[in-house]
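Letter by letter, the chains look like this.
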Amino acid sequence: TRDIVVSAQASGAVQPDTTVEVKSKASGEILQIMSETGATVERGQILIKIDPRTPRNSVAQASAQVEASKAALQVAETNKKRSDELFESRAITQQEHDQAVLDFANAKANLVSAQVALENASIQLEDVDVKAPISGTIIEKDVERGQVIASAISNVSGGTVLMRMANLQLVQVYTLVDETDIGKIQPG
């Protein structure tokens with residue numbers, strides 16, 4: 001006696017289980033590409049550097065706005081204290097006092113708004129370094145140095161696809177097996 005080996009043949013494709021499109025949150029010119037097709041990268045590794053001038057200018061402008069808002073808040077706070085004292089001694093009207101209180105509240109709101117703008121500008125500056133979203137292999141590179149790309153979050157089209165990455169640790173085989181042979185297929 002002997003074993004009879006029954007086989008089935010079919011052509012197909014081996015594909016990764018997980019494929020990720022790498023896009024940028026920042027728009028601008030690509031200054032440097034740090035990885036090429038076929039390279040294995042770790043999650044968080046910098047893949048592409050985008051021109052940081054515009055986000056850097058936004059950070060400087062937002063920082064200056066925070067400083068101006070802090071100064072305006074100090075002035076409004078001093079005016080409010082003065083107004084409180086004058087209102088207690090009945091030297092100013094209720095309306096003048098209320099205006100000082102309103103100016104103080106507006107100055108506080110402007111400071112918070114400026115701080116939020118600074119934080120958002122700082123985030124945009126960090127986004128000029130496109131990092132790998134997963135650990136895996138770069139299977140396709142769609143851009144070159146010098147190309148101007150569109151942001152994935154501020155563009156209606158969804159932004160420019162920079163690269164495609166895949167985790168090649170887990171793959172699947174896609175194939176069409178003849179219906180007469182499918183019964184012969186089993187794990188292993």
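Residues numbered from 1 in each chain as written. Predicted model: local features only at pLDDT ≥ 70, side-chain atom pairs only at ≥ 80, totals over all residues. Heavy atoms only, no water.

## Remarks on the overall build of the protein
Condition: Under the scheme used here, helices are H or I runs from DSSP no shorter than 4 residues and strands are E runs no shorter than 2 residues, and both carry numbers assigned from the N terminus. Throughout, radius of gyration means the C-alpha value; the globule benchmark is 2.2 Å times the number of residues raised to the power 0.38. Note on contacts: a residue pair qualifies if any of its non-hydrogen atoms lie within 4.5 Å across the two residues. In these tables, accessible area is a Shrake-Rupley quantity obtained with a 1.4 Å probe, and a residue counts as shielded only by the protein chains included in the view.
Each helix and strand in the protein was counted, giving two helices and eight strands. Listing the helices and strands of the protein from first to last along the sequence gives β-β-β-β-α-α-β-β-β-β. What you see for the protein is a C-alpha radius of gyration of 30 Å, clearly larger than the 16 Å of a compact globule of 188 residues, by over 25%. With the C-alpha coordinates aligned to their principal axes, the bounding extent of the protein is approximately 115 × 40 × 30 Å. Nonlocal contacts in the protein, meaning residues at least 24 apart in sequence, comprise 79% of its contacts between residues at least 6 apart. By element, 50% of the accessible surface of the protein is carried by carbon and sulfur atoms, the whole surface being about 12,900 Å².

## Some thoughts on the packing of helix H1 (residues 53-88) against helix H2 (residues 94-126)
The geometry of a pair of packed helices is captured by two quantities: the angle between their axes and the separation between those axes. The cut-off we apply is this: Axis geometry follows a simple rule: fit a line to the C-alpha atoms, using only the stretch in contact for helices, then measure angles between N-to-C directions, giving values from 0 to 180 degrees. Roughly parallel means an angle under 35 degrees; roughly antiparallel means over 145; roughly perpendicular covers 65 to 115; every other angle is labelled oblique. Each crossing gets its hand from how the near helix is turned against the far one by less than a right angle, where anticlockwise is left-handed and clockwise is right-handed. Three categories are distinguished: nonpolar for Ala, Val, Leu, Ile, Met, Phe, Trp, Tyr, Cys and Pro, charged for Asp, Glu, Lys and Arg, and polar for the others, with Gly belonging to the last.
Viewed as axis vectors pointing N to C, H1 and H2 meet at an angle of 160 degrees, and their least axial separation amounts to 8 Å. Classified by the interaxial angle, the pair formed by H1 and H2 is roughly antiparallel. Crossing hand, H1 versus H2: left-handed. Its residues assigned to classes, the contact of H1 with H2 comprises 18 nonpolar, 12 polar and eight charged.

## Regarding the pairing of strand E6 (residues 136-141)
As a reminder of what qualifies: Strands are labelled as partners when DSSP assigns at least two bridges between them.
The pairing of strand E3 (residues 40-41) with E6 spans two bridges and is antiparallel. Its bridge partner lying in E6, Thr40 is registered against Thr137. Two elements, E6 and strand E8 (residues 161-175), share four bridges in a ladder whose sense is antiparallel. In the strand pairing of E8, Lys141 is matched with Met163.

## Section: the sheet that holds E3
A sheet is described by the order of its strands in space; here four strands give the open sequence E1-E8-E6-E3, paired in antiparallel fashion. The strands lining the two open edges of the sheet, one partner per strand, are strand E1 (12-23) and E3.

## A closer look at the nonpolar core
We count it as follows: Buried residues of nine kinds, namely Ala, Val, Leu, Ile, Met, Phe, Trp, Tyr and Cys, make up a nonpolar core once their side-chain atoms join them within 4.5 Å. Note on exposure labels: buried denotes an accessible area under 20% of the residue type's maximum, exposed denotes more than 50%, and partly exposed covers the range between, all computed with a 1.4 Å probe on protein chains only.
Formed by 19 residues in total, the largest nonpolar core has its most connected members in Leu47, Ile48, Leu162, Met163 and Met165. Of all the secondary structure elements, the ones that give two or more residues to this core are E1, strand E2 (28-33), strand E4 (46-50) and E8. With residues near it in sequence (within four places) discarded, Ile48 still touches Ile30, Gln32, Ile33, Met34, Val128, Asp129, Val130, Val143, Leu162 and Met163. In this structure, Val66, Leu73, Ala107 and Ala114 belong to the second largest nonpolar core, which totals seven residues.

## Points about the sheet that holds E2
The strands that make up a sheet are held in pairs by hydrogen bonds between backbone atoms, and each pair lies either parallel or antiparallel. Read from one edge to the other, the open sheet built from four strands follows the order E5-E4-E2-E7, with strand pairing classed as antiparallel. Taken across any chain shown, the strands that pair with only one partner, and hence form the sheet edges, are strand E5 (129-131) and strand E7 (148-149). As paired strands, E2 and E4 are joined by three bridges and run antiparallel to one another. Looking at E4, one finds that Ile30 is bridged to Ile50.

## Notes on unusual backbone geometry
At Arg90, a position not held by glycine, the phi torsion is positive, near 65 degrees. Topologically, Arg90 is positioned in the loop between H1 and H2.

## Side note on the environment of His97
Along the polypeptide, His97 turns up in helix H2. The class for His97 is buried, based on a relative accessible area of 12%. Ignoring sequence-local partners within four residues, the contact set of His97 consists of Ser83, Asp84, Phe87 and Ile92.

## With respect to the pattern of salt bridges
The condition that has to hold: A pairing counts as a salt bridge when a side-chain nitrogen of Lys or Arg comes within 4 Å of a carboxyl oxygen of Asp or Glu.
Throughout the structure, instances matching the rule amount to eight salt bridges. A salt bridge links Arg164 to Glu21; its shortest N-O distance comes to 3.2 Å. Placement of Arg164 in strand E8 and of Glu21 in strand E1 is noted, with a sequence separation of 143 residues between them. One salt-bridge network, in which partners are shared between bridges, spans Glu21, Glu140, Asp142 and Arg164.

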